[in-house]
Amino acid sequence: MQKITVAKGDGIGPEIMNATLDILKAAGAQIAIEEIEVGEKAYLAGHTSGIAKEAWETIRQNKIFLKAPITTPQGGGYKSLNVTMRKTLGLYSNVRPCKSYHPFIKTKHPEMDVVIIRENEEDLYAGIEHQQTDEVVQCLKLISRPGCEKIIRYAFEYAKLYGRKKVTCFTKDNIMKQTDGLFHKVFKEISQEYPDIENEHWIIDIGAAKMANTPEVFDVIVMPNLYGDVMSDVAAQIAGSVGLAGSANIGESCAMFEAIHGSAPDIAGQNIANPSGLIQGAVLMLNHIGQTEIAEKIQNAWLKTIESGVHTPDIYKEGVSKRKVGTKEFAQEVVANLGQKPTTLAGVKYEQGISFDLPKYERKPSANKELQGVDIFVQWNGDNPDELAEKLQQLEIDDTKLTMITNRGVKVWPEGFDETFCTDHWRCRYQTKDGSIIDNQSVVKILTKAWEHQMDVIKTENLYLFDGKRSFSLGQGQ
Ligand code: NAD
């Protein structure tokens, strides 16, 4: 018997959770349920992250969490519980299978069967944001090697276990050469460990267009957090409806399963919500905990129900659907179909013992890291970069000179263009002319001079060589 934590959530949450639990029980899932309260009630009781301390303990003890959607109260001060949970519990992998159920659910893509695997903890979702000048705010995009290795290896292992043929990677590394560049580089490395699985990389913009137009050419797609957030909703919607997709959030010790949609307060309490998204989440959960036979039984019964035209109002279509039913009745129909297989749609066969045993991340030996210069960011309200350069040249020390000024990444000195629009946020690069190494003391000296000359320094970034290789971007136009 596997202990699992269950939260019924807000809005339609309790209705779709009760429907899902009825199906799990009838199918003979070997689970013991421990219920916790998360969401609106917890927020309003003063827990700004939507969860009480005791509830955390239950989740950590049971490790497996089936969660209905929750309502995030509008207004400041409340943190998204989903983001907090994913990060606090180290749920690094978000898996969303998006499949069409043609001809029973309307879609332009009858052959679509894509699994989006999204990195779940880092990227711009690290949430490190600052206002730096009157005119400029910043969000840090953090991509780590362990983050990339874990999610990319997960994607290939997923493909292997579920008999998928190809893993595609989406990034924008033609622009973000360091961050997305690392993700792509690690993808290339890890794909070598899986010679039987095809691999390919697409720049996200054209990849996204291709996925929206011909999703059937993709199989498993792995990508960094923000792209994955957007693309997985697109994928679920074009497959038929966001109301039909479930998602798994997997970590090294804990895992959380849910529907991808929200708490739909507009239809709460009316017994009209579609419980399919959460049922799909529960099927992912059963596979994860090794109860593959039960997962298979529920999925086939669910497919049979969809195929027999018994539909909730959100997917009901005159001429295709046969009977419009409520949440409860839909679940009863799935229960009645347990043991049956679909005849037109392809039934599922889950292999016994699906379990992920990923190797622990091993830190590589440190590279030889050398300081080659420093970028000093200043707020300056003038508009002539030559004038700024004159001021900045007063901060030069020994042979460490001002080599470049950029504004929003575009080189504006030396030899800038009058046409370039400039804000009050300037990056000022100091390096030795011959590219030789400097020490941290030089940075401190430049900063001290900046203070003496009343320059408004916002922040600094060190310019490193890792094993002799430049590891910072050039200015656009440099
Ligand atoms: P939503 O997904 O709740 O609803 C969007 C639309 O889809 C609504 O018209 C709704 O009626 C419909 N819909 C959603 N699920 C349905 C279902 N199962 N059956 C039939 N129709 C369904 O998105 P929203 O309105 O933007 O958000 C409502 C609340 O949910 C917000 O507080 C938001 O923060 C929260 N939310 C929670 C989660 C989560 O807990 N995982 C995810 C997304 C949004």
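Peer 1: Would you mind going over the overall build of the chain with me for this structure?
Peer 2: Helix and strand content of the chain: 13 helices and 20 strands. In terms of overall dimensions, the chain has C-alpha extents of about 80 × 55 × 45 Å along its principal axes. Expressed as a percentage of the 478 residues in the chain, the buried residues total 53%. Sequence-distant contacts, at least 24 apart, represent 77% of the contacts inside the chain between residues at least 6 apart.

Peer 1: Would you take a moment to explain the domain arrangement of the chain for this structure?
Peer 2: Along its sequence, the chain is carved into domain 1 (1-91 + 241-353), domain 2 (108-239) and domain 3 (369-470). Between the C-alpha centres of domain 1 and domain 3 there is a distance of 53 Å.

Peer 1: Looking at this structure, how should I read the sheet that holds strand β18 (residues 425-432)?
Peer 2: Within a sheet, adjacent strands bond to each other through the backbone by hydrogen bonds, running parallel or antiparallel. Pairing is antiparallel in the open sheet, where six strands are placed in the order β17-β16-β18-β15-β19-β20. Edge positions in the sheet fall to β17 (410-413) and β20 (469-470), since each has one partner strand and no second. When strand β16 (residues 400-407) meets β18, the two strands line up antiparallel, connected through seven bridges. What sits directly across from Ile405, in β18, is Cys428. Here helix α12 (residues 385-393) sits on the sheet in contact with β16, β17 and β18, set at roughly 150° to β16. Set on the sheet, helix α13 (residues 440-452) makes contact with β15 (369-379), β16, β18 and β19 (456-466); between it and β15 the angle comes to about 15°.

Peer 1: Any chance you could explain the site of the ligand here in plain terms?
Peer 2: Near the ligand there are 18 residues, and of these Asn82, Gly262, Ala264, Asp266 and Asn274 occur at the shortest range. Contact between the ligand and Ala264: an oxygen atom at 2.8 Å from a main-chain N or O atom of the residue. The residue makeup of the shell around the ligand, split by class, is seven nonpolar, seven polar and four charged.

Peer 1: Quick question: what am I supposed to make of the sheet that holds strand β3 (residues 64-67) here?
Peer 2: Spatial ordering of the open sheet is given by β2-β1-β3-β12-β11-β4-β5-β10-β8-β9, a layout of 10 strands whose pairing is mixed. Among the strands making up the open sheet, the edge pair consists of β2 (31-36) and β9 (198-203). Strand-to-strand twist across the sheet, computed as the mean angle between neighbouring axes with direction ignored, equals 20°. In this sheet, strand β12 (residues 255-259) lies alongside β3 in parallel orientation, the contact comprising three bridges. Note on β12: the bridge partner recorded for Leu66 is Phe257. The strands that helix α6 (residues 179-191) touches are β8 (166-171), β9 and β10 (220-223); relative to β8, the one it contacts most, it runs at about 165°. The sheet contacts of helix α9 (residues 276-288) involve β1 (2-7), β3, β4 (93-99), β11 (246-250) and β12, and relative to β12 the element is tilted by about 155°.

Quick notes on the rules
Residues numbered from 1 in each chain as written. Predicted model: local features only at pLDDT ≥ 70, side-chain atom pairs only at ≥ 80, totals over all residues. Heavy atoms only, no water. Helix = DSSP H or I, 4+ residues; strand = E, 2+ residues; numbered from the N terminus. Buried < 20%, exposed > 50% of the residue type's maximum accessible area, 1.4 Å probe, protein only. Contact = heavy atoms within 4.5 Å. Domains from an automatic or database assignment. Pairing = 2+ DSSP bridges. Axes fitted to C-alpha atoms, helices over the stretch in contact; angles between N-to-C directions. Near = heavy atom within 4 Å. Polar contact = N/O pair within 3.5 Å; in protein donor to acceptor, adjacent residues only side chain to side chain. Nonpolar A, V, L, I, M, F, W, Y, C, P; charged D, E, K, R; others polar.

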